[in-house]
Amino acid sequence: MAKDSVGPVSRETSEKYVDTPIAAAAEVASQVLTKGHAGTLPRPSATRIITVANQKGGVGKTTTSVNLAAALALHGLGVLVIDLDPQGNASTALGINHRDPDIRSVYELLLGEITLAEAMQKTPAYDNLYCVPATLDLAGAEIELVSMVARETRLRNALDLATIAEYGIDYVIIDCPPSLGLLTVNAMVAAREVLIPIQCEYYALEGVGQLLQNIELVQAHLNRELYVSTVLLTMYDGRTKLADQVADEVRRHFGDKVLNTIIPRSVKVSEAPGFGMTIIEYDPGSRGSMSYLDAGRELGMRGAPSPQGGQR
Ligand code: ATP
Ligand code: MG
């Protein structure tokens, strides 16, 4: 693919941001925040439930879940992130203390011990961004679920629509663990859309075939509405030819499901969770923040494309 067709992180664009002096960076940040003011993105006609899945580890599932959630929240939309990974990284990045032993988490929600409203916590950064945190208890859930009634539909049953409406939730984003086990199946049964983050690296498409097969199985047996709506290229390094080759290959494979925005590799993005922040709070004017804001805007403007590729 030609450099200039790569999208918002073409070398020219990234250098512009890298070399921006502080005053200009502040200007950029304020423009981002103004551009992203409430009301610029339409509210979807029905709550969009999106599972962020890829069983390959470290491809940017959690980073994408929390930063897209923050981008949508900054646009004034109501967003709920469900952390379905025992590592609890999404909870950490959203500033939720998930190590407190008394915390009410997605584990108790799946077991039916608490309601969705009891499991939801408002994040410190936004009044309209909520999180159902994950604790280490969830590590055992994958095994405990096996013998339970309705083991694949527990999350769907727990996502009580009245609560979602009461809290004004427009988007539910589910961050999956790096496996295709029962937790991921629960996420796929609860959602309508799957968003697949793909890292612009060697073996990027490794395992994607298996992921697609699992999605088809869930479609056939458990959730007819499920489909891959979105693919996001992550950790793009414009200095390597490989990154462009991967981006090309993914676009050939997934066509217009791939967002035009590509997320660049950036140290700032990886630093932000250490401060309990998304990149959008941590460094609003950075390339990482801009690209997640762009990706959020694209996702929101595309609405929920039908499986045939049209708009819902
Ligand atoms: P897991 O499979 O373990 O759940 P994941 O798919 O959720 O991983 P992340 O945790 O989001 O992946 O990202 C993996 C690592 O890469 C993290 O340390 C994260 O901070 C870092 N990272 C993610 N996106 C970027 C980026 N655009 N630039 C630089 N580092 C990134
Ligand atoms: Mg993760």
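Refer to the structure above for everything that follows.
Per chain, residue numbering runs from 1 following the sequence as it is written. Written order determines the labels here, with chains lettered from A and ligands numbered from 1. A pLDDT threshold of at least 70 governs which residues receive local features in this predicted model, and a stricter bar of 80 or more applies before side-chain atom pairs are shown or counted, although totals over entire chains, interfaces and linings include all residues. Calculated side-chain values reflect all of the structure's heavy atoms, with hydrogen atoms and water omitted.

Draft legend 1. Unusual backbone geometry, seen in detail. You will see that Tyr203, though not glycine, has its phi angle at about 60°, which is positive. Under the DSSP-based scheme used, a helix requires at least four consecutive residues in state H or I and a strand at least two consecutive residues in state E, with every element numbered from the N terminus. Note that Tyr203 resides in the loop between strand E6 (193-199) and helix H11 (208-221). Burial classification: accessible surface area is computed with a 1.4 Å probe over protein chains only, and a residue below 20% of its type maximum counts as buried, one above 50% as exposed, and the rest as partly exposed. Residue classification places Tyr203 among the exposed positions, given a relative accessible area of 61%. Positive phi outside glycine occurs at Met235, with the angle close to 55°. Within the secondary structure layout, Met235 lies in the loop between strand E7 (227-234) and helix H12 (241-254).

Draft legend 2. Quick peek at helix H10 (residues 182-190). Counting buried positions along H10 gives nine out of nine residues, so the element sits mostly inside the fold. All of the buried residues in H10 are Leu182, Leu183, Thr184, Val185, Asn186, Ala187, Met188, Val189 and Ala190. Elements in contact with the buried residues of H10: strand E1 (48-52), helix H5 (106-111), helix H7 (138-146), helix H8 (154-158), strand E5 (171-175) and H11. Between two residues, a contact is recorded if the distance between any of their heavy atoms is within 4.5 Å.

Draft legend 3. Spatial organisation of the site of ligand 1. Every one of the 17 residues lining ligand 1 counts as a neighbour, but Lys61, Thr62, Thr63, Pro264 and Ser266 are closest to it. Between an oxygen atom of ligand 1 and a side-chain N or O atom of Gln87, the distance comes to 3.3 Å. Elements with a contribution of two residues or more to the shell around ligand 1: helix H3 (61-74) and helix H13 (267-271). In terms of residue count, the dominant contributor to the shell around ligand 1 is H3 (three residues). Distances are taken per atom, and a residue is near a molecule or strand as soon as one of its heavy atoms is within 4 Å of it. Contacts described as polar in this section are N or O atom pairs within 3.5 Å, which, within protein, must combine one atom able to donate a hydrogen with one able to accept it, while residues neighboring in sequence count only if both atoms come from side chains.

Draft legend 4. The arrangement of the packing of H3 against helix H15 (residues 287-301) in detail. In this description, a line fitted to the C-alpha atoms serves as the axis of each element, helices being fitted only across the stretch in contact, and the angle between N-to-C directions of two axes falls anywhere from 0 to 180 degrees. Viewed as axis vectors pointing N to C, H3 and H15 meet at an angle of 70°, and their least axial separation amounts to 8 Å. What the angle tells us is that H3 and H15 run roughly perpendicular. Here Thr63, Thr64, Asn67, Leu68, Ala71, Leu72 and Leu74 of H3 lie close against H15, whose contacting residues are Tyr292, Leu293, Ala295, Gly296 and Leu299. Convention used here: angles under 35 degrees read as roughly parallel, angles over 145 as roughly antiparallel, angles from 65 to 115 as roughly perpendicular, and any remaining angle as oblique.

Draft legend 5. Representation of the packing of H7 against H10 within the structure. Here H7 crosses H10 at 80°, and the two axes come no closer than 9 Å. Taken together, the axes of H7 and H10 are roughly perpendicular relative to one another. Here Leu138, Glu142, Leu145 and Val146 of H7 lie close against H10, whose contacting residues are Leu182, Leu183 and Asn186. Here the nonpolar group is Ala, Val, Leu, Ile, Met, Phe, Trp, Tyr, Cys and Pro; Asp, Glu, Lys and Arg are the charged ones; every other residue, Gly included, is treated as polar. Taken together, the residues of the contact of H7 with H10 break down into five nonpolar, one polar and one charged.

Draft legend 6. Focus on the pattern of salt bridges. The rule for a salt bridge is simple: a side-chain nitrogen of Lys or Arg has to be within 4 Å of a carboxyl oxygen of Asp or Glu. One pass over the full model with this rule turns up eleven salt bridges. Ionic pairing is found between Arg265 and Glu201, a salt bridge with its closest N-O pair at 4.0 Å. Pair noted here: Arg265 is in the loop between H12 and H13 and Glu201 is in the loop between E6 and H11, with a separation of 64 residues, a long-range link. Using a relative accessible area of 27% as the deciding quantity, one classes Glu201 as partly exposed.

Draft legend 7. View of the environment of Arg43. Note that Arg43 resides in the loop between helix H2 (22-35) and E1. For Arg43, a relative accessible area of 56% puts it in the exposed group. Spatially, the C-alpha atoms of Arg43 and Gly76 are 9.0 Å apart, while their sequence positions differ by 33 residues. Excluding residues within four positions of it along the chain, Arg43 makes contact with Leu77, Gly168 and Asp170. There is a polar contact of 2.8 Å between the side chain of Arg43 and the side chain of Asp170.

Draft legend 8. View of the packing of aromatic side chains. Any Phe, Tyr or Trp ring, taking Trp's six-membered ring, that has another such ring centre within 6.5 Å forms a pair; planes under 30 degrees apart are called stacked, those over 60 apart edge-to-face, and the others tilted. Inspection of the entire model under this criterion finds three aromatic pairs. Judged by centre distance (6.3 Å) and plane angle (45°), the rings of Tyr202 and Tyr203 are tilted. Taken as a pair, Tyr202 and Tyr203 share a single burial class, namely exposed. Judged by centre distance (5.1 Å) and plane angle (20°), the ring pair of Phe275 and Tyr282 falls under stacked.

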